[in-house]
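# Observations on chain architecture
Chain by chain, the residues:
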Amino acid sequence: MRVLFVGDIVGAPGRLVVRDRLADVVSQRQIDLVIANGENSASGFGITPRLADELLKDGIDVLTGGNHSWDRKEILEYLPHEPRLLRPANFPEGNPGSGLYVGTAKNGVKYAVLNLQGRVFMTQIDDPFRKADSELEKLPADVAFVLVDMHAETTSEKVAMGWYLDGRVTVMVGTHTHVATADEHVLPQGTAYITDVGMTGPHGGVIGMDKEGIVRKFLNGLPARFDVASGDVQMNCVLVETDDDGPRNAAGRLRARSIERLRFCID
Ligand code: FE2
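The following refers to the structure shown.

Rules of the game
- Residues numbered from 1 in each chain as written.
- Predicted model: local features only at pLDDT ≥ 70, side-chain atom pairs only at ≥ 80, totals over all residues.
- Heavy atoms only, no water.
- Buried < 20%, exposed > 50% of the residue type's maximum accessible area, 1.4 Å probe, protein only.
- Helix = DSSP H or I, 4+ residues; strand = E, 2+ residues; numbered from the N terminus.
- Arc of directions from axis to C-beta.
- Contact = heavy atoms within 4.5 Å.
- Donors = N, O, S within 2.8 Å, 3.2 Å for Na, K, Ca; no water.
- Tetrahedral: all angles 85-135°; square planar, octahedral: opposite > 155°, others 65-115°.
- Pairing = 2+ DSSP bridges.
- Axes fitted to C-alpha atoms, helices over the stretch in contact; angles between N-to-C directions.

Turning next to helix H5 (residues 155-165). It helps to recall that an α-helix has 3.6 residues per turn; residues three or four apart then point in one direction. For H5, the full list of buried residues reads Glu157, Lys158, Met161, Gly162 and Leu165. Taken end-on, H5 shows its buried residues confined to a sector of 140 degrees, consistent with a single buried face. On its buried face, H5 is in contact with strand E6 (110-117), helix H4 (128-137), strand E7 (145-151), strand E8 (171-175) and strand E10 (192-194). With its phi angle positive at about 90 degrees, Gly167 sits one or two positions after the end of H5.

Below, the structure written as structure tokens:
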């Protein structure tokens, strides 16, 4: 089984590179399932119902979120009606939507996607580690593939989560920093891991936003509105291949055979 995870989609340039390149990548690389982080797709802040619908139509099977999941108020009503749009599971009980989705991939394999958010240098929400335990416990036994998107600021919290989940899930990807890390590998118990997948959007700015505005903010410390950057548009992804014939992991699920970083650019 081959699964593509697309890093944080930022603004119109991020959405356009997905529309431009994703379908070809899926057919050329024989991808069975596409998951993407979409919490920055509306001008860098949040996601709207229309954009979620578009991204799901453009070939993404499940969208994950993070700290910006709540930025657009119209999404609060949409979340309960679109289970393929996740928000971090460890926000307080009673918030709209869910952090867990169970579906069936193109190849017939039953899969789950779990979205978590870190707490270091971020909002103090519920413990993502214990939340991972309780969400994974809910999964039916016939779920063969599990991907976790851990949306977090610090490398240490993501590395720790990788070790915590090793042998229980097929993949753990980190998102949020918008800068890809070069540490993709398969952990000893079969979980594919990367600290951050990087961004799908314009790299001609500061993590997706216009460089002049961000530099000015570092100089003057005043509140400001930021625009999406332009230039050097990339789609940063990881491709995970599972070991379909080998032994299963400790939870009875597919182990990863490989994880590969991919970068596609618009000329
Ligand atoms: Fe984020």
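Protein-derived ligands of the iron ion are Glu39 (OE), Asn67 (OD1), His151 (NE2) and His176 (ND1), with the metal-ligand distances lying across 2.1 to 2.2 Å. Here the iron ion is ringed by four donor atoms whose angles at the metal span 82 to 157 degrees, and the overall shape comes out irregular. For Asn67, a relative accessible area of 24% corresponds to the partly exposed category.

To continue, consider the sheet that holds E7. What holds strands together in a sheet is hydrogen bonding between their backbones, with the strands either parallel or antiparallel. The strand order across the open sheet built from six strands is E5-E6-E7-E8-E10-E9, with neighbouring strands paired in mixed fashion. Edge positions in the open sheet fall to strand E5 (100-104) and strand E9 (185-186), since each of these has one partner strand only. The pairing of E6 with E7 spans seven bridges and is parallel. Bridge assignment links Ala112 to a residue of E7, and that residue is Val146. Each of E5, E6 and E7 is contacted by H4, which is oriented at about 160 degrees to E6, the strand it contacts most. Along the sheet, H5 makes contact with E6, E7, E8 and E10, crossing E8 at roughly 170 degrees.

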